[in-house]
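# Report on the structure
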Amino acid sequence: FINSHTGRDYFTYEQNCELIQVAADVQKATGVTILHETHRGRFTYSAPAMQHYLVTFPDLRLTADFSHW
């Protein structure tokens, strides 16, 4: 698997969605699982910020690093 520090907290929702979609496409094409780590400074920086992404990408897989959340 790949543990990714995807996106940035200052990217727009649309920009982060593009990156998440690229990761999903790579995962589908290669069969390699891609996890997105919860981390300060990334699109996964807080639980409230994640809500819309989880609705848009219900198969989104996270690596929980609670020390950064």
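Per chain, residues are indexed from 1 in the order of the written sequence. Only residues with pLDDT of at least 70 are given local features in this predicted model, and only at 80 or more are side-chain atom pairs given and counted; all residues enter the totals for whole chains, interfaces and linings. Only hydrogens and water are removed before side-chain values are computed, so all heavy atoms of the structure are retained for them.

### What to know about the overall build of the protein chain
Only DSSP runs of H or I with at least four residues qualify as helices, and only runs of E with at least two residues qualify as strands; both kinds are numbered from the N terminus onward. Scanning the protein chain for helices and strands turns up two helices and three strands. Atoms counted for the radius of gyration: C-alpha only. Globule rule: 2.2 Å times the number of residues to the power 0.38. At 11 Å, the protein chain has a C-alpha radius of gyration in line with the 11 Å of a compact globule built from 69 residues. Oriented by its inertia axes, the alpha-carbon framework of the protein chain measures out at about 30 × 25 × 20 Å. Per-residue accessibility, obtained with a 1.4 Å probe over protein chains only, is compared with the maximum for each type, and a residue is labelled buried under 20%, exposed over 50%, and partly exposed between these values. Residues classed as buried in the protein chain amount to 35% of the 69 residues present. In this analysis, two residues are considered to be in contact whenever any of their non-hydrogen atoms come within 4.5 Å of each other. Here the contacts in the protein chain between residues at least 6 apart in sequence split such that 69% fall between residues at least 24 apart. As presented, the protein chain carries roughly 4500 Å² of accessible surface, and 56% of it is formed by carbon and sulfur atoms. Counted charges follow a simple rule, with Lys and Arg positive, Asp and Glu negative, and His plus the chain ends left uncounted. Charged groups are reduced to one reference atom each: NZ for lysine, CZ for arginine, CG for aspartic acid, CD for glutamic acid. Counting 5 positive and 7 negative side-chain charges, the protein chain places the centres of these two groups 5 Å from one another. Surface accessibility in these figures is a Shrake-Rupley result with a 1.4 Å probe; residues are shielded only by whichever protein chains are displayed.

### Examining the sheet that holds strand β3 (residues 62-63)
If you walk across this open sheet you meet the three strands as β1-β2-β3, and the pairing is parallel. The open sheet has two edge strands with one neighbour each: β1 (2-4) and β3. Any two strands with at least two DSSP-identified bridges between them are counted as paired. When β1 meets strand β2 (residues 34-37), the two strands line up parallel, connected through three bridges. From the neighbouring strand, Ile2 faces β2, where its bridge partner is Ile34.

### Some words on the pairing of β2
Strand residues, when the strand is regular, have side chains that alternate between the two faces of the sheet. Going residue by residue along β2, you find Ile34 and His36 tucked away on one face and Leu35 and Glu37 tucked away on the opposite face as well. Crossover handedness for the path β1 to helix α1 (residues 13-30) to β2: right-handed. Two elements, β2 and β3, share two bridges in a ladder whose sense is parallel. Note on β3: the bridge partner recorded for His36 is Leu62. We call a crossover right-handed when, viewed with both strands directed away from the observer, the connection leading from the first strand over the helix to the second proceeds clockwise. With helix α2 (residues 47-56) bridging β2 and its parallel neighbour β3, the resulting β-α-β unit is right-handed.

### Observations concerning the confidence of the model for the protein chain
Detailed reading of predicted coordinates is not advised where the pLDDT is low. Confidence scores labelled pLDDT are given residue by residue by the predictor and lie between 0 and 100. Confidence in the prediction for the protein chain averages 93 pLDDT; 97% of positions are at 70 or higher. The element-level mean pLDDT for the protein chain is lowest in β3, coming to 92, with α1 highest at 98.

### Observations regarding the packing of α1 against α2
Where α1 meets α2, the axes come as close as 12 Å, and the angle between the chain directions of the two elements is 50°. With respect to α2, the element α1 is oriented oblique. Remark: the crossing between α1 and α2 carries right-handed chirality. Between α1 and α2, the residues in contact are Tyr13, Asn16, Cys17 and Ile20 and His52, Tyr53 and Thr56, respectively. Helix axes are fitted to C-alpha atoms over the stretch in contact, other axes to C-alpha atoms as well, and angles between N-to-C directions run from 0 to 180 degrees. Angle categories are assigned with fixed cut-offs, so that under 35 degrees is roughly parallel, over 145 is roughly antiparallel, 65 to 115 is roughly perpendicular, and the rest are oblique. The crossing is said to be left-handed when, going from far helix to near helix, the turn is anticlockwise and less than a right angle, and right-handed when the turn is clockwise.

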